[in-house]
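# Report on the structure
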Amino acid sequence: MKNNMILSCLACFFLMLTACEKANIDVDTSEADGSAIGEVSGVWSKGSVQHIKGDIIIPEGKTLTIEEGVTVLMDTENKPEIVVLGNLYALGTDDNPIRFTVEEQYKTKTNEFGKLWGGILAAPSCQELVLDHTVLEYGGAITSDASTSVKMGLYKKVSGEALPALWFSNADGKLVVQNSTISHFHEDCTYIEGGKIIFANNRFFSNGVTGGEAMNFKSGSIADVAYNLVYSVNTNALKLSNSGDKTPQAYIMVYNNTMLNTGWRRPTAKGGSIWIEASVRVEIYNNLFANTRFGVKRDPKKPEDNRSIFSNNWYFGQDQLTVDQFQVGKNDIVAGSNDVRGKLAGENNPKFVTYPLETSVNNYVFDSAWDFHFQGNSPALKSGTLSFKPHFITGLVMSNGLTYNSPAPAVYAGAFGTKF
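Residues numbered from 1 in each chain as written. Predicted model: local features only at pLDDT ≥ 70, side-chain atom pairs only at ≥ 80, totals over all residues. Heavy atoms only, no water.

### Overview of the packing of aromatic side chains
Keep this limit in mind: Pairing of aromatic side chains requires ring centres within 6.5 Å, counting the rings of Phe and Tyr and the six-membered ring of Trp. Pairs whose planes differ by under 30 degrees are stacked, by over 60 edge-to-face, and all others tilted. Strands here are runs of E lasting at least two residues and helices are runs of H or I lasting at least four, both read from the DSSP assignment and numbered beginning at the N terminus. Accessible area is worked out with a 1.4 Å probe on protein chains only. A residue is then buried under 20% of its type maximum, exposed over 50%, and partly exposed in between. Two conditions define a charge located above a ring, namely a distance within 6 Å from the ring centre to NZ of Lys or CZ of Arg, and an angle within 35 degrees of the ring normal.
A complete count under the given rule lists 23 aromatic pairs for this structure. Taking 4.8 Å as the distance between ring centres and 90° as the angle between the ring planes, the aromatic pair formed by Y355 and W370 counts as edge-to-face. Placement of the pair is Y355 in the loop between β30 (340-341) and β31 (396-397) and W370 in the loop between β30 and β31, with a sequence separation of 15 residues. Both residues of the pair, Y355 and W370, count as buried. Here the aromatic cluster, defined as three or more aromatic residues joined through ring pairs, consists of F205, Y231, F352, Y355, F366, W370, F372 and F374. We note R281 situated over the ring of Y251; from NZ or CZ to the ring centre the distance is 4.1 Å.

### Comments concerning the nonpolar core
The test is simple: Grouping buried Ala, Val, Leu, Ile, Met, Phe, Trp, Tyr and Cys residues that are joined through side-chain atoms within 4.5 Å yields what is termed a nonpolar core. Residue contacts are counted whenever heavy atoms from the two residues lie within 4.5 Å of one another.
Counting residues in hydrophobic clusters, the biggest one holds 64 residues, and the most contacted among them are L129, F217 and L240. Looking at which element gives the most residues to this core, the answer is strand β3 (residues 49-58), with 3 residues. Not counting chain neighbours up to four residues away, the residues in contact with F217 comprise I192, I197, F199, A223, V225, L238, K239, L240, S241 and I252. Among the nonpolar cores identified, the runner-up in size contains 38 residues, and V130, I198, A410 and A413 belong to it.

### Details of the confidence of the model for the chain
Note the cut-off: The predictor's confidence in any single residue is recorded as pLDDT, a number from 0 to 100.
With 92% of its residues at a pLDDT of 70 or more, the chain has an overall mean of 92. Throughout residues 1-30 the model reports pLDDT below 50, and contacts reaching past four residues in sequence, or to other chains, amount to 28 contacts.

### Here's the deal with the sheet that holds strand β22 (residues 251-255)
Selection criterion: For two strands to be treated as a pair, DSSP must find at least two bridges joining them. In this analysis, axes come from line fits to C-alpha atoms, helices being fitted only over the stretch in contact, and the angle between any two N-to-C directions falls in the range 0 to 180 degrees.
Spatially, β2-β4-β7-β10-β13-β16-β19-β22-β25-β28 is the arrangement adopted by the 10 strands of the open sheet, whose pairing is parallel. The open sheet has two edge strands, β2 (42-44) and β28 (309-311), and neither has a second partner. Adjacent strand axes in the sheet meet at a mean angle of 10°, parallel and antiparallel pairs treated alike. Strand direction decides the pairing type here: strand β16 (residues 195-200) and strand β19 (residues 221-226), joined by 6 bridges, are parallel. Looking at β19, one finds that A200 is bridged to A226.

### What to know about the pairing of β16
Most of β16 sits inside the fold, with 5 of its 6 residues counted as buried. Of the pairings in the sheet, the one linking strand β13 (residues 174-178) to β16 comprises 5 bridges and is parallel in character. Bridged to K174 within β16 is K196.

### Let's talk about unusual backbone geometry
Between T247 and the following residue, P248, the backbone shows a cis peptide bond with an omega angle of 5°. Secondary-structure assignment places P248 in the loop between β21 (238-241) and β22. Its identity is not glycine, yet K79 carries a phi of approximately 50°, on the positive side. As for its placement among the helices and strands, K79 is situated in the loop between β5 (71-74) and β6 (82-84). Judged by its relative accessible area of 33%, K79 is partly exposed.

Rendered as structure tokens:
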């Protein structure tokens, strides 16, 4: 009798577990909040709160659409991963962004570099992924042998890796990340292994303990990267590489981005601003480097494609050490035509509206009151060039009917121009 009771209890337990794992398949647009583990697809409705109790999977051939204002709360004990085998569209708005986050009580100094949940991991079968007006924060958990991503052979396929906020790996797929914020992640913010890609109007800050880039692109990537703000990422704002075995050759256009304080917290050869390597083809225009460690830097053993173009980038250093590291001929720094690159501390002040340029280069705490627009008399307002055409200026068309366009270049340096 005792054994029969034990067997009955076990049967009920496994039945409940199975039901829980399947509970969110084809979620409808009801107003009810939800709780998810296992396979999910359908719609998470506007303004709802979704409690993610364990790893979730969007099955191949299925789609999950997240509407504006949804809060996706991650369980900090189970540290969930979001595995995308199908498609994911996170469609927030300026007034109602989507948030992948944790409960407020866990947003402490102790947890300032995350590791409280995994990340969004898009397998090669993922055809389309959109993050629009989406906040991702406090993730980057370390994988174990029990992690779904490790069992599926995703990302780096081994345990002991800090997950990025976003991994995408389909060279034939489409990826759009715009108007979004990634902060408080343990290492890399994004790790992109192929696709037709737009990264525009995003913010990256307070990321990386001992390593990690804001945007890390590999072979197979055709990308436009524009109007992003990168503040004090541990290593580089951008790592641009053709490493890997995918085609086409990585070809990245980087223009009108603002980078500040990047690279100082990783004082090694690769800690800097933009790192290029392994025959990547790049075009880099109109970017603003303020108090960053180095500027555009190449790997001399594995340099970039000789068709690459560098032009009209603006450099500012508050102290002489910073300015000295910008100089071409030192540390494999890349020269650009029409660059503004002074030789003395304080030269070429871009005249931000409110950011104090004397802020320590090791500071990574972001103040939302800072304003990186230029004052009306900024010399950087007319330093850019318009003589290039981004890859996707005419748009990437998604299967859900939405079209996303790369923004046009601006005649100023950096991401913001003036307010008026």
